[in-house]
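# Notes for the structure review
Take a look at the letters that make up each chain.
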Amino acid sequence: MTEATVSKTEEWEPKILAFCCNWCSYAGADLAGVSRRQMPPHFLVIRTMCSARVDPEFILDAYAKGADGVLVLGCHPADCHYIGGNYRTRRRMALLEIVLQQYGLNPDRLKVEWVSASEGEKFQTTIVDFTERITELGPSPLKEVQ
Amino acid sequence: MEKSALVIGGGIAGIQASLDLADRGIKVFLVESEPTIGGKMARLDKTFPTNDCSACILSPKMADVGGHQNITVLSYSEVLGLEGQPGNFKAKILKKARYVDEDKCTGCGDCVAKCPTKKITDQFEFGLATRKAIFIPHAQAVPRIAVIDPDYCRYLTEGKCGVCMKVCQRGAINYEDKDKILDLDVGAVICATGFDVWDAKIASEYGYGRYPNVVNSMEYERIMCASGPLEGHIARPSDGQTPKRIAFIQCVGSRSEKKGWKPYCSSVCCMYAIKQAIIGMEHLDGVSTDIFFMDIRSYGKEFEDYKIRAAEEYDIGLHQNARVASIDENPITNNLYLRYSDGSNEPAVKEFDLVVLSVALNPSTMGQKLAGTLGFDLNKYGFCDTSTFAPLETSRPGVFVTGAFAAPKDIPTSVAEASGSAVKAGALIATQSGWERAKPKEFPSEIDVEGQEPRIGFWVCSCGINIGSTVDVDSVQEYAAGMDNVVLSRKTMYACAQDTLEEIKETIKAENLNRVVVASCTPRTHEPLFRNACKEAGLNPYLFELANIRDQCSWIHMHEPEKATKKAKDLVRMALAKSRLLEPLDKGVLPVAGSAVVLGGGIAGMTSALDIASQGYDVHIVEKTGELGGNAKRFHYMEDGKDVKSYLNDLIDKVRTSDKITVHLNSEAENIEGFVGAFKVKIPDAEIDVGSVIVAVGGYEYKPTEYKYGADDRVMTILDFEEKMAANQFNGKNVAFISCVGSRNDDAVYCSRVCCSSALRSAIQIKEADPEANVFVLHKDIRTYGFREEYYRRASELGVNFIRYPEDKEPVLNEDFTLMVNDTILGDDVVLSPDALILNAGIRPNPDNEQIAPMLKIPLSKDGFFFEAHMKLRPVDFATEGVFLAGLAHWPKFMDESIAQASGAASRALTIISSPTYETEGVIAAVNDDLCDGCGICEGCCPYHAITIDDIGGGHLRANVNEGLCKGCGSCVGACPSGAMEQKGFKGAQLYAMIKAALEE
């Protein structure tokens, strides 16, 4: 099923939510800041203790409320502060991608990535690349539904 | 007079020792000569064998130290003297002038940005980067406070400039600062000064310092590190090009009698080189990597697997028995030519783009100076002198040692031993009459906010100019003022400064605030500070929320002030939305039994028990057999001039005569129930209630099925040999040792760590007793790491013959007792006719582990040993709180290592049982009984086994969260299909409110 296209208006800017786990990816985001790495401002971070706290329904809710893209960032495999939460995240998000497709939403609007506390640069490139991707995809078709 | 502990050295060992003492209620002064704690580990990129990010695992510990109420960090300080006796020392400390007021500086960095000096060598980056005269050592520094280098500061050297003083809006700069002397009353001292990096210029044949593309391993660590000077882009120093061919040369500075080189093995280089090679392969596409080494010493937990992965998965070229004679440089390309002899002694040359020297660990200069100041002995290598039976004690009573200052060692060993040194130091303080556990800070009683409408107080911070120069702080203040429930909205120059914290406290009371929201920096560093201010004003600390508008807004959108301001408002709106739904949370308080049980009565178990008893707590030893002593009962050799037998007998005597220790022989745990603070251990004749459990059930010597063992009297294991030798019944004239029998094969992939050294000790014994005897050692590698390298040297001197055989060609014992072995150097078979064959049998895990693991809900590694909570930084802990690990149950190891680790396990147990109560995490899972169906999905999600599905009668099931076990990850909450499981502090409604706020304009 392909995604319905929505025309971009001139003033449209992507809206991205980024869920970051407290121990690795949120720390990586902080390090990007400490290192003054510049990136597009269209994302907002929601901190959870572990990426496994991110209920797939949060993501569906975010799309329903107008998010054009959602990032879920966690610790690298085997680095999880809570032993193996990130493995659960990986499995849940893989399932969620299938659900998104069934809803007619392009699964590229969701990205799961591992960012460690020392990877300020990876946080930056993740944000830059994902913002680019969402800009190309255009506004979420669910915006029309609203 | 209250006695504190003095910990010298703020690397990972000093950090762990301080935290253990502080958690046990003892006040600690942590003295560090550099401006920040963190030591060498803070400079590492990744750690072996898990490739964990070093910063990710170390930073939380550093922050714990910085915020611990029982720890005073004296950074940029040195110890000048120590007078007095154990339990009652006076220490003299030099606190060097920092020229920055530690109480005023907020670490905002405005001064660093404006300082006009530049190009000063940055020691933190090992000279690979430059810094200013005023600087903050690195992003995760603790304390995160600036320091002025008086040698380069223009004001201090020339009396001109003064820019930092002008820009610092806190008035923290003080050019008149002077060195200070502090006198401290301390009961015990721990030296944890670590190691120095060997100067590779001594190895002039490798051109370090002359050839730009030859770097040492610590420099390479910074080159690889994402937060290093090259931001993790591996490049050649000569031209910034990405290297395509990288070589690692092992034993640079180690294992040699050459002038300026060290005779010992530095213990960690083989593994860090493999790690660096693997990480390099992950960073760089198509790079080829070669490691040149004599023996690869992968003797630690999971190390052998790591080495095998490096060779097979990453295709790293492992050149065994290859010595690099010299390096030449092509002066035009700066490429390097390695001249070496390969495994078969043929000369060879190979070209590389970058060469990394795996340099030796030198004894710490700071530690050597300290030995003079404090008056304790160094060993012949310049490390702190210790003995096998007292591995944590210096020669001066009351002064202990831990970490790499005692011998080159890896991080987990240092961490386990740091805990061990803490239990020794603690015993001198906690047993003094009148000593009391440091009391938790007292706070006013909490304001009841139940049922009240939210009354939010909001502060937005400019952070000097860090936020204010990008984000329009006035506009954010005005925006928040118009939001629902916001009673007052203010701006501040530094939200974290004492004056604002006081203002927040007073305003909570004056305006009856029941929520506080601050928009400033990151909650990871600053949330505890603001929460504490709330607590001091009587507001539950969980009614505070922080919006990160600096690290994650103003700093990353510096060129888009309008968009950054809009985003700051978005972040504030989200924080306010969450704060309206915040609830006061209580940390659960569980009662703790002040006693422990130790499973296993060998040397490790007895040492743990004695250390716990030494601080006045009851211990039960549960031993399966009819007597104490374990494997050591079969040891018949001398260590440091003392017979192991007599040490063992002394130890058993101490256990037997201790009025705190109860020994249960012929007993095994039949069932263990409960959780931290309240375990019930069922043994045949009793049920023991304890607060903590230590698993020290040991391992055993592999019983070979190879080489006619058991069928021919001439074949024996090392322990058999020792027994024969002690009974004067050994008379072999032609003796052959075969290494790795029962290790490094398909049955047991791992290296058993101790066999090489034990074999060489035995070989020396044979040669010393009978110089005419012919002794052959048949081996794959010789892994006499650390100071045990001396066995290798001594055995060679005595004429022991070493024959290396290929990994896939085991020696063959023929029917006529001739032994055929393939010699890798000759490339041919050699036939020996031994009259005694000694098998270096490995160490196998205790088969009982399979029964014990499920009782305690703790995991086993794939090799069957117990698997700790974290291989690097929690080496004796389990994910299950209150359960600890020591000795061979953890991994094969030597006696001194077992003793030190067992003390470490005792220390960890004391952090639990020395307190009458255990405080649970505040942010934990909770079940809504009305919604829960007891489906059990949550139970399977929980990595801590904190959830049980209980029958509540009438055929109904309910999930139940054990507060003592829950760590608050929220994995179960994310999985609950009925919305019954909630995470306090991160409730569904709170997060949905944030999502909604984020997406509304």
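The shown structure was predicted, so the numbers you read here are calculated from the model rather than taken from an experiment.

About the thresholds
In this convention, every chain numbers its residues from 1, walking through the sequence in written order. Chains and ligands are labelled by the order in which they are written, letters from A for the one and numbers from 1 for the other. It should be noted that, the model being predicted, local features are given only for residues of pLDDT at least 70 and side-chain atom pairs only at 80 or more, the latter also being counted only at that level, while totals for whole chains, interfaces and linings use all residues. Excluded from the side-chain calculation are hydrogens and water; included are all heavy atoms of the structure. Helix numbering and strand numbering both begin at the N terminus, where a helix is a DSSP run of H or I of at least 4 residues and a strand a DSSP run of E of at least 2. Atoms counted for the radius of gyration: C-alpha only. Globule rule: 2.2 Å times the number of residues to the power 0.38. Buried means the residue's accessible area, taken with a 1.4 Å probe over protein chains only, is under 20% of the maximum for its type, while exposed means over 50%, and partly exposed covers the values in between. Only heavy atoms matter for contacts: two residues are in contact if any of them lie within 4.5 Å across the pair. Computed by Shrake-Rupley with a 1.4 Å probe, the accessible areas treat only the displayed protein chains as cover when residues are assessed. The span you would expect from a helix comes to 1.5 Å times its residue count less one. Each C-beta atom gives one direction from the helix axis, and the arc is the one those directions make. Two strands qualify as a pair provided DSSP detects at least 2 bridges between them. Each residue carries a pLDDT score, the predictor's own confidence in it, on a scale running from 0 to 100. Comment: axis = line fitted to C-alpha atoms, over the contacting stretch for helices; angle = value between 0 and 180 degrees taken between N-to-C directions. We call a crossing left-handed when the near helix sits turned anticlockwise from the far one by less than a right angle, and right-handed when that turn is clockwise. Working definition: a ring pair exists when centres of Phe, Tyr or Trp rings (six-membered ring for Trp) sit within 6.5 Å. Plane angles under 30 degrees give stacked, over 60 give edge-to-face, the rest tilted. Lysine and arginine charges are scored as sitting over a ring when NZ or CZ, respectively, is within 6 Å of the ring centre and within 35 degrees of the ring normal. Polarity classes work like this: nonpolar for Ala, Val, Leu, Ile, Met, Phe, Trp, Tyr, Cys and Pro, charged for Asp, Glu, Lys and Arg, and polar for all others, with Gly in that last group. Within this scheme, the nonpolar core is defined by two criteria: the residues are buried Ala, Val, Leu, Ile, Met, Phe, Trp, Tyr or Cys, and they are joined through side-chain atoms within 4.5 Å. We count a salt bridge whenever a side-chain nitrogen from Lys or Arg sits within 4 Å of a carboxyl oxygen from Asp or Glu. Accessible-area loss on putting two parts together, using a 1.4 Å probe and summing over both, is the definition of buried area adopted here. N or O atoms closer than or at 3.5 Å make up a polar contact, with two conditions inside protein: a donor-capable atom paired with an acceptor-capable one, and, for residues adjacent in sequence, both atoms drawn from side chains.

## Regarding the overall build of chain B
Summing up its helical and strand segments, chain B has 25 helices and 53 strands in all. In terms of overall dimensions, chain B is globule-like: its C-alpha atoms have a radius of gyration of 30 Å, near the 30 Å expected for 1001 residues. Across the 1001 residues in chain B, those meeting the buried criterion constitute 63%. Intrachain contacts of chain B at a sequence separation of at least 6 include 71% that bridge at least 24 residues. Total accessible area computed for chain B in this model is approximately 37,400 Å², and 48% of it derives from carbon and sulfur atoms.

## Quick word on helix α12 (residues 498-510) of chain B
All names here are of chain B. Its 13 residues place the ends of α12 18 Å apart at the C-alpha level, agreeing with the 18 Å of an ideal helix rising 1.5 Å per residue. For α12, the set of buried residues is Thr500, Leu501, Ile504, Lys505, Thr507 and Ile508. An end-on view of α12 places all buried positions within 165 degrees of arc, on one side of the element. Relative to its buried face, α12 has exposed residues pointing more than 90 degrees away, namely Glu506, Lys509 and Ala510. Among the structural elements, β24 (456-461), β25 (486-492), β26 (515-520) and α13 (523-536) are those in contact with the buried residues of α12. A positive phi of about 50 degrees marks asparagine 512, the residue just after α12.

## Things to note about the side chain of aspartate 45 of chain B
Residues and elements named next belong to chain B. Following the sequence through the fold, aspartate 45 ends up in the loop between β2 (28-31) and β3 (46-47). Assessed through its relative accessible area of 2%, aspartate 45 is described here as buried. Leaving out residues up to four positions away in the same chain, aspartate 45 has contacts with Asp52, Cys53, Ser54, Glu221, Met224, Cys225, Ala226 and Ile279.

## A look at the sheet that holds strand β45 (residues 828-832) of chain B
Residues and elements named next belong to chain B. Read across the open sheet, the three strands follow the order β43-β44-β45; overall the sheet is antiparallel. Lying at the two open borders of the sheet, with one neighbouring strand each, are β43 (812-813) and β45. Sheet topology places strand β44 (residues 819-823) next to β45; five bridges connect them, and they run antiparallel. The residue bridging asparagine 822 from the neighbouring strand is aspartate 829, located in β45.

## Overview of the confidence of the model for chain B
In this model, chain B carries a mean pLDDT of 94, and residues with pLDDT of at least 70 account for 100%. In the predicted complex, the global pTM is 0.88; the interface-specific ipTM is 0.97.

## Things to note about the packing of helix α2 (residues 56-64) of chain A against helix α3 (residues 85-102) of chain A
Residues and elements named next belong to chain A. Two elements in contact, α2 and α3, have axes separated by 10 Å at closest approach and are oriented at 35 degrees. At the point where α2 passes α3, the crossing takes the right-handed sense. Facing α2, whose interface residues are Pro56, Ile59, Leu60 and Tyr63, α3 presents Arg92, Met93, Leu96 and Leu100.

## Here we look at the packing of aromatic side chains
Aromatic ring pairs are described here by two measures, namely the spacing of the ring centres and the angle between the planes. Residues and elements named next belong to chain B. Per the stated rule, a full pass over the model turns up 28 aromatic pairs over all chains. Ring plane angle 90 degrees and centroid distance 6.0 Å describe the contact between phenylalanine 292 and phenylalanine 352, whose orientation is recorded as edge-to-face. Of this pair, phenylalanine 292 sits in strand β16 (residues 288-292) while phenylalanine 352 sits in strand β20 (residues 347-352), and the two are 60 residues apart along the sequence. The buried category is assigned to phenylalanine 292, whose relative accessible area is 1%. Overall, the relative accessible area of 1% leaves phenylalanine 352 in the buried class. Of the aromatic side chains, those joined through ring pairs into one cluster are Phe48, Tyr299, Phe303, Tyr785 and Phe894. The cationic tip of arginine 788 hangs over the ring face of phenylalanine 894; the distance from NZ or CZ to the ring centre is 3.7 Å. The ring of phenylalanine 48 has lysine 872 lying over it, and the distance from NZ or CZ to the ring centre is 3.8 Å.

## Focus: the packing of helix α1 (residues 12-23) of chain B against helix α22 (residues 895-913) of chain B
The description of two helices packed together rests on the angle between their axes and the distance between the axes. All names here are of chain B. In contact at an axis separation of 8 Å, α1 and α22 are set at 35 degrees when each is read in the N-to-C sense. Of the residues in α22, those touching α1 at Gln16, Asp20 and Asp23 are Ser907, Arg908 and Thr911. Its residues assigned to classes, the contact of α1 with α22 shows no nonpolar, three polar and three charged.

## Quick word on the nonpolar core
The biggest cluster of nonpolar side chains holds 100 residues, and the ones touching the most others in it are Phe19 and Ile59 of chain A together with Phe458 and Met981 of chain B. Considering each element in turn, this core owes the most residues, eight residues, to helix α15 (residues 561-580) of chain B.

## Looking at the environment of leucine 370 of chain B
Residue and element names in this part refer to chain B. Summarising the element assignment, leucine 370 is placed in helix α9 (residues 365-374). Judged by relative accessible area, leucine 370 falls into the buried class, the value being 4%. In this structure, the C-alpha to C-alpha distance between leucine 370 and glycine 81, residues 289 residues apart in sequence, is 8.6 Å. In contact with leucine 370, not counting residues within four places along its chain, are Ile8, Val79, Cys191, Thr193, Gly375 and Phe376.

## Observations concerning the sheet that holds β20 of chain B
Residue and element names in this part refer to chain B. The three strands are arranged β18-β19-β20 in an open sheet whose pairing can be described as antiparallel. Looking at strand neighbours, the two that pair on one side only are β18 (323-329) and β20, the edges of this open sheet. Across the sheet, the mean angle from the axis of one strand to that of its neighbour is 25 degrees, orientation sign disregarded.

## Remarks on the pattern of salt bridges
The full count for this structure, using the stated rule, is 86 salt bridges over all chains. Where arginine 109 of chain A meets glutamate 3 of chain A, a salt bridge forms, and the shortest distance between an N and an O atom there is 2.8 Å. Linking arginine 109 of chain A in the loop between α3 and β4 (110-114) with glutamate 3 of chain A in the segment before β1 (16-21), this pair joins segments that are 106 residues apart in sequence. Taking relative accessible area as the criterion, arginine 109 of chain A reaches 0% and is therefore assigned buried. One salt bridge in this structure joins lysine 987 of chain B and glutamate 583 of chain B, with 3.2 Å as the shortest N-O distance. Linking lysine 987 of chain B in the loop between β53 (981-983) and α25 (988-999) with glutamate 583 of chain B in the loop between α15 and β28 (589-591), this pair joins segments that are 404 residues apart in sequence. Given the relative accessible area of 23%, lysine 987 of chain B is considered partly exposed. You can call glutamate 583 of chain B partly exposed: its relative accessible area is 35%. Among the charged side chains, a network of salt bridges with common partners joins Arg255, Asp295, Arg297, Glu304, Lys307, Arg744, Asp781, Arg783, Glu789, Arg804 and Glu807 of chain B.

## A look at the interface of chain B and chain A
It is common to give the size of an interface as the accessible area lost on bringing the parts into contact. Contacts between the two partners involve 58 residues from chain B and, on the opposite side, 53 residues from chain A. At the boundary of chain B with chain A, total buried surface from both sides reaches about 4,800 Å², with 59% on carbon and sulfur atoms. The tally of links from chain B across to chain A stands at five salt bridges. For lysine 563 of chain B, the salt bridge identified is with glutamate 13 of chain A, shortest N-O distance 2.9 Å. Among the elements that make up the side of chain B that touches chain A, the one with the highest residue count is α25 of chain B (eight residues).

## So, helix α6 (residues 217-224) of chain B
Residue and element names in this part refer to chain B. Burial of α6 is extensive: eight of the eight residues sit out of reach of the surface. Along α6, the residues that are buried comprise Ser217, Met218, Glu219, Tyr220, Glu221, Arg222, Ile223 and Met224. Elements in contact with the buried residues of α6: β3, β13 (195-197), β14 (214-216), β15 (245-252), α7 (269-283) and β21 (354-359). The residue sitting at the N-terminus of α6 and contributing the capping side-chain oxygen is asparagine 216; that oxygen lies 3.0 Å from the backbone nitrogen of methionine 218.

## Quick word on unusual backbone geometry
Residues and elements named next belong to chain B. Cis rather than trans, the peptide bond between phenylalanine 48 and proline 49 has omega equal to -5 degrees. As for its position among the elements, proline 49 is in the loop between β3 and β4 (52-53). With an omega of 0 degrees, the peptide bond between valine 142 and proline 143 qualifies as cis. Positionally, proline 143 belongs in the loop between β10 (134-135) and β11 (147-148). A positive phi angle is found at asparagine 334, which is not glycine, with a value near 60 degrees. Here asparagine 334 is to be found in the loop between β18 and β19 (336-341).

## Examining the environment of alanine 430 of chain B
Residue and element names in this part refer to chain B. Summarising the element assignment, alanine 430 is placed in helix α10 (residues 411-430). As a C-alpha pair, alanine 430 and serine 914 span 484 residues in sequence and 10.0 Å in three-dimensional space. Leave out the neighbours within four places in its chain, and alanine 430 touches Arg24, Ile26, Trp435 and Gln615.

## Observations regarding the confidence of the model for chain A
Put simply, chain A has an average pLDDT of 91, and 97% of its residues get 70 or more. In the model of chain A, helix α5 (residues 142-145) of chain A stands out as the element of lowest mean pLDDT, 68, in contrast to strand β2 (residues 43-48) of chain A, which has the highest, 98.

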